[in-house]
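# Topology and contacts: notes
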Amino acid sequence: MNWLILVVAGLLEIGWAIGLKYTDGFTKPWPSTLTIAAMIASIALLSYAMKTLPVGTAYAVWVGIGAVGAAIFGIFLFGESASAARLASLGLVVAGIIGLKLSS
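Below: a short report on this structure. Remember, predicted model here, so these are calculated numbers, not experimental data.

Thresholds, definitions, all that
Residues numbered from 1 in each chain as written. Predicted model: local features only at pLDDT ≥ 70, side-chain atom pairs only at ≥ 80, totals over all residues. Heavy atoms only, no water. Axes fitted to C-alpha atoms, helices over the stretch in contact; angles between N-to-C directions. Helix = DSSP H or I, 4+ residues; strand = E, 2+ residues; numbered from the N terminus. Parallel < 35°, antiparallel > 145°, perpendicular 65-115°, else oblique. Left-handed = near helix turned anticlockwise from the far one by under 90°. Core = buried A, V, L, I, M, F, W, Y, C linked by side-chain atoms within 4.5 Å. Buried < 20%, exposed > 50% of the residue type's maximum accessible area, 1.4 Å probe, protein only. Contact = heavy atoms within 4.5 Å. Phe/Tyr/Trp six-rings, centres within 6.5 Å; stacked < 30°, edge-to-face > 60°.

## Describing the packing of helix H1 (residues 2-23) against helix H3 (residues 55-78)
Think of two packed helices as two axes; the pair is described by the angle between the axes and how far apart they sit. Interhelical geometry of H1 versus H3 gives an angle of 40° and a closest axis separation of 8 Å. Considering the angle they form, H1 stands oblique to H3. For H1 against H3, the interelement crossing comes out right-handed.

Structure below.
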C-alpha cells in the first residue's frame, strides 16, 4: 500500500513542478493555490510512505517519478527538447526507479 501512496506522491510532484510554470512567480492566484496544495499533499504522502519504506529508496523514487514526469510534460506542453540523448537519460532514471523497487 505504501508503494501506491509513494506513486501518488510522485504524481503530485509532477503536478506541482508543472504548476510552478503557470504560477508566474506565484503572482497568479489560482495556479499558485493549486500548486501549493499539490506541494503539501505530495510531501504529506511521501512522509506517510516513509513510515515503512527506506528513506533513501522512497525519496529517490519520489524524485525520479517527479523528474521523469516533469520532463515528459515539458516535452508535450512546452515544446522542450525530445532528443534521443534526453529520452535515453529519462529511460535510465526509470530503470533506476525500477531497480530501487525490486531491491527493497
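## Examining the nonpolar core
Counting residues in each nonpolar core, the largest one holds 14 residues, and the members touching the most others are Leu6 and Leu46. Those residues in contact with Leu46 that sit more than four places away from it in its chain are Leu6, Ala9, Ala58, Tyr59 and Trp62.

## Considerations on the packing of aromatic side chains
Overall, the coordinates contain two aromatic pairs when judged by the stated rule. Ring geometry for Tyr22 against Phe78: centres 5.7 Å apart, planes inclined by 50°, an arrangement best described as tilted. With Tyr22 in helix H1 and Phe78 in helix H3, the pair connects residues that are 56 residues apart, well separated along the chain. For Tyr22, a relative accessible area of 41% translates into the label partly exposed.

Note that every value here comes from positions in space, so none of it alone points to a role or purpose.
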